[in-house]
Every structure is written in C-alpha cells, then in structure tokens.
Amino acid sequence: MTAPPGPPPPPLAGGADGPDALRPLLDTVLDALAAGARARSGPLPAGGPDAVGAEVTAALGALLPEHGTGPHEALRTLVHVLARGAADPAHPLCAGHLHGPPLAVAAAADLAAGALNPSLDSWDQAPAASVLEALLTRTLAAELYPTPQPDALITTGGTEANQLALLLARERHGPALTVVHGANAHHSVPRAAWLLGLPPTLSLPTPAGVLDPRHVDDVLARTSGPALVTATAGTTDAGLIDPLDALAETCVRHGAELHVDAAYAGPLALSPRHRHLISGLHRARSITLDLHKLGWQPVAAGLLAVPDTGHLTPLAHRADYLNAADDTEAGLPDLLGRSLRTTRRPDALKIAATLRALGRDGVARLIDHTLGLARHLAELIDAHPAFTLHAPPTLTTVLFRPTHATDTDVADLRRSLLHRGHAVLGRAAADGRLWLKATLLNPHTTPQDLTTLLTLLEGSTPR
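A.B. asks: Sorry if this is basic, but what is going on with the sheet that holds strand β9 (residues 387-389) here?
C.D. replies: By way of backbone hydrogen bonds, the strands of a sheet pair with one another, either parallel or antiparallel. Spatial ordering of the open sheet is given by β1-β11-β12-β10-β9, a layout of five strands whose pairing is mixed. Each end of this open sheet is capped by a strand with a single partner; those strands are β1 (94-95) and β9. The pairing of β9 with strand β10 (residues 397-402) spans three bridges and is classified as antiparallel. Residue pairing for β10: threonine 388 is matched across the bridge by arginine 401. On the sheet, helix α13 (residues 407-420) packs against β10, β11 (424-430) and β12 (433-439) and is oriented at approximately 30 degrees with respect to β12.

A.B. asks: So what exactly am I meant to see when it comes to the packing of aromatic side chains here?
C.D. replies: Ring pairs (aromatic) are described by centroid distance and by the angle formed between their planes. Summed over all chains, the structure comprises one aromatic pair. Here phenylalanine 387 and phenylalanine 400 contribute two aromatic rings whose centre-to-centre distance is 6.0 Å and whose plane-to-plane angle is 75 degrees, an arrangement assigned as edge-to-face. In this pair, phenylalanine 387 is assigned in strand β9 and phenylalanine 400 in strand β10, connecting sequence segments 13 residues apart. Neither phenylalanine 387 nor phenylalanine 400 differs from the other in exposure class; each is buried. The ring of tryptophan 435 has arginine 401 sitting right over it, with the charged end atom 5.7 Å from the ring centre.

A.B. asks: Explain the pattern of salt bridges to me, please; I cannot follow it from the model alone.
C.D. replies: When the charged atoms of two side chains lie near each other, side chains of opposite charge can form a pair. Applying the stated rule across the entire model yields 23 salt bridges. Between glutamate 160 and arginine 341 there is a salt bridge, and its shortest N-O distance comes to 3.3 Å. Separated by 181 residues along the polypeptide, glutamate 160 in helix α6 (residues 158-173) and arginine 341 in the loop between α11 (325-329) and α12 (348-382) bring together distant segments of the chain. Judged by its relative accessible area of 23%, arginine 341 is partly exposed. A salt bridge links arginine 214 to aspartate 212, with the shortest nitrogen-to-oxygen separation between them at 3.0 Å. A residue is classified by how much of its surface remains accessible, and arginine 214, at 63% relative accessible area, is exposed. Judged by relative accessible area, aspartate 212 falls into the partly exposed class, the value being 28%.

A.B. asks: I keep staring at unusual backbone geometry and nothing clicks. Help me out?
C.D. replies: For residues besides glycine, phi is generally negative; the peptide bonds are generally trans as well. Here the bond from valine 299 into alanine 300 is cis, since omega is 10 degrees, no more than 30 degrees from zero. On the secondary structure map, alanine 300 appears in the loop between β7 (286-290) and β8 (302-306). For serine 41, which is not glycine, the phi torsion reads 65 degrees and is therefore positive. Considering the arrangement of structural elements, one finds serine 41 in the loop between α1 (18-40) and α2 (48-60). Under the relative-accessibility criterion, serine 41 is labelled exposed at 65%. The residue aspartate 431 is not glycine, and still its phi comes out positive at about 55 degrees. When you line up the elements, aspartate 431 lands in the loop between β11 and β12.

A.B. asks: I would appreciate a short explanation of the packing of α13 against helix α14 (residues 447-460) in the present structure.
C.D. replies: Helix-helix packing is described using two parameters, namely the angle between the two axes and the distance between the axes. Their axes nearest at 11 Å, the elements α13 and α14 cross at an angle of 110 degrees. Taken together, the axis directions place α13 and α14 in an arrangement best described as roughly perpendicular. With respect to the hand of their crossing, α13 and α14 are arranged in right-handed fashion. From α13, Leu413, Leu417 and Arg420 reach across to α14, where they touch Leu456, Leu457 and Ser460.

Rules used throughout
- The numbers attached to residues start from 1 for each chain and follow its sequence in the written order.
- Local features in a predicted model are, by the rule used here, given only for residues with pLDDT of at least 70; side-chain atom pairs are given and counted only at 80 or more, and totals for whole chains, interfaces and linings are based on all residues.
- Side-chain descriptors were evaluated using all non-hydrogen atoms of the structure, hydrogens and water having been removed beforehand.
- The pairing criterion is simple: DSSP has to find at least two bridges between the two strands.
- Helix numbers and strand numbers start at the N terminus; a helix is a DSSP run of H or I with at least 4 residues, a strand a run of E with at least 2.
- Contact between two residues is taken to exist if any of their heavy atoms lie within 4.5 Å; hydrogens are not considered.
- As a rule, the C-alpha atoms of each element are fitted with a line to give its axis, helices using only the stretch in contact, and angles between N-to-C directions run from 0 to 180 degrees.
- Pairing of aromatic rings covers Phe, Tyr and Trp, the last through its six-membered ring, and needs centres within 6.5 Å; plane angles under 30 degrees mean stacked, over 60 mean edge-to-face, and all others mean tilted.
- Only protein chains enter the accessibility calculation, which uses a 1.4 Å probe. A residue is then buried if its area is under 20% of the maximum for its type, exposed if over 50%, and partly exposed in between.
- Only Lys NZ and Arg CZ are tested; either one counts as a charge over a ring when it is within 6 Å of the ring centre and within 35 degrees of the ring normal.
- Here a salt bridge means any side-chain nitrogen of Lys or Arg lying within 4 Å of a carboxyl oxygen belonging to Asp or Glu.
- Roughly parallel covers angles under 35 degrees, roughly antiparallel covers those over 145, roughly perpendicular covers 65 to 115, and oblique covers all other angles.
- Each helix crossing is assigned a hand: it is left-handed if the near helix lies turned anticlockwise from the far helix by less than a right angle, otherwise right-handed if that turn is clockwise.

Here it is in structure tokens:
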C-alpha cells in the first residue's frame, strides 16, 4: 500500500534548480539582517544576558512547532532575532576580541560552500574542492616557509592547529615530550598537552609580556629528553610577539623544536611593511595561523603549516569506505590524513575567494590599515589626560584604562558598556592591574570612531 499523497519535499540548495530556490530566500535573509541591525542600532543588544535571553525566547516561541511556519517566516524571524541580538564585529565600537568582521566576498563564498556541501574526507565527495584546498594550503604554506615542499592543513582555528602541532611532536618524540611555553601562551597549548596525555607543560613567567630566551635556555639546560618550545606571535591579551629568532637559536643549541602559535600575527607575512615583526617565524617546525582574525574570514578559517609535507605523515589513517588501498593505488587522492576530522567543510573556498579578489597588495593594505588604526588610538589615549596607555601596540590590540580608576572601576565600566549596548571592549591583566582592551580588526573603522569611543568612555568613567 502506498502512502497518501502529501506536499512535495522542500527544495534543495544544490543542483540545477538550487540557485532558483535560494534566490528568494536570500532576499528574505538579507532583509532580516538589515532590519535586525537597525533594531539593535549599536554594537550589541542592550539589557545584558537576562534581557537578551527573555527577548529571544519570547520572539521564537516553539522551535519545533507542530506545523511548520514556512521557510520565509522561519528565516525572517530567526535571522532578525539573531541580528538584533548580535555582538556585531562589523560595528566600529565592537572591539573586544580577536573576532573580526568577515569580508562580504568571503561570506558569499561561504554560502556557495554551504549550498554545494562537499565533504573533504574523500575525493568522491569533493572532487574540485579537494584540489582547491591542496592548491590553497601549499600557496599559504609557501608564504611562511622558503622550502621545496611546504604544506598546511585547514583547521577550525588556532586551538585545533595547536593541538595538531603537539600531536605531531608527540608522534615524533613519544609521550615523554616536554612542552615549554610562556605564561602568555594561548590556553589551548597546556590543554592540548592534557588531551594528548603528555606531561604537564612547563609554563614560564613572562613579566615583560613575552618569553625571555635566557629563561628558556636555563629551563632547556635542565630538561632531559625531547622538548618542544611553543612561542606566541600575537598574544591574546596584548598582541605581543615573542622574540622568534632568539628562541629559534636557543632551541638549536639544546636540540629542542620550536612551534609558533601565530594565529594572530601570522598574516603579517603578507605585509611588506610589517613582516619584519615576525622575523624568524620560518624557523619553526610548525606554525599556527588563523584567518578569522587578520584575514577577515567567517569562522572558521585556521591552518597548521609545516616546512615539508612529509611532516604530516603521522596523520595518515585508513577507513576502507573512504580511502581503500586499491582506490588510492588507482589514483584517487587520500584525504583522511589531512585532518583529524572526518566530515569537513570546504573552508578553503572562502579563503581562496578572498585572496583572489584582493590580491597580495589588497590583503597587505587591510593589515597595514588596521595596525595603523591601533597606533592612532594609542596616540589619542596617550594625549588624553583621562586615560593611561599601557604601551604602544605591536599589532591591533591597545590596552588602556581610566587614569584614576581602580581595577573594580575598570571591570564595572566594561560591564556597564556591555549592559547598555554601547561598546564591546575586552579586559586584560598586565603589570598587576586590570586594563581595558580594544582589538581593532575592522578595516572600516575611522579615526572619528576612535574619538567617539574615548568620548563615550570618558562620559561613563567614575570620577
């Protein structure tokens, strides 16, 4: 007995008819994005967590209704709610985190990736996407390593890339590997060691904000067995860069290896004006890169780069339904060794579209401009009697505080700005005090926006 006739299944995003099905839905999405941004009117919604939670819950009602509302109503409602309640990194006063606004070309490419939905765990699921990823990873790795066969893996970000770096080091040296890093390192480094069953990492104090090669030298001299030193190029708190060349020399003297977490500063390799800041980066055994920071990509867009593709061999893995030996011998590319994940989005597409659209000089201009904005903000703060600048910025992060405020005042001020929806600023501890943190990643931010930020803060600062 056949089932009674019912409505046809909803349209798909792919195939010859997919674009026609998507086009009217995209109009609905874009209208809802615009309406949500107008309703919010600032960098984030006012009212704090309780108010936002109540508003979202009330607007959505039942997420699984008995009968569907249709695609246009669902998109209109959900996208509007999300946009109205967003902390929008495209707003010039949303400057709290290493969470950049994506370029329109990258977001548009991400739509195509979602519509086509290739999965990069076997060639027969992603014929062209697998080629594109291979071309992109080799291209970007070659910007970091002047070697014959550099390579890189696409990751979900710096955390996954750091985990892969420690995994590869463990596979080279065994589970007794000692990981040495500064207190300024990203939290994912000691966490990766824990996940991988390595000994607890050696975290060295960084009173000046960066690793001191002399301290590393002393520690390595007392360390028996293999060691991996993890340096940071672009700390999350202040955007500082460890002395990479000196640390590389220290590692050579002691037979240790160097990994550099350059999630933040790595793209400076594309800027002739600023690449000197990461001098020595190419001496690392592996490099973490994150293009949803100074690369203006939608999350996620990370990489782990190595100087030779052979260094990735330990990641080889066999699953007969994806990379059977006879298929590989017959010439089908083996993709499982390109990640610890199985199902994997074609994140290479949005990165490749951005690089092709902007070119090397266009990417460099964005990098140079945002670093220039940070310097300008620092100059405004330094000249303003109501504020104290921590130090001139290295990248796009500026630490400062109201001159006469206590740490409690600083914390309260930041939360007050969030609660009122006026600005998103981060917080960082340095020199025994709490500082406001402005992370400038928006290339559309203007000098007037920065003046507006300081005026807003001055009016909100306790006297």
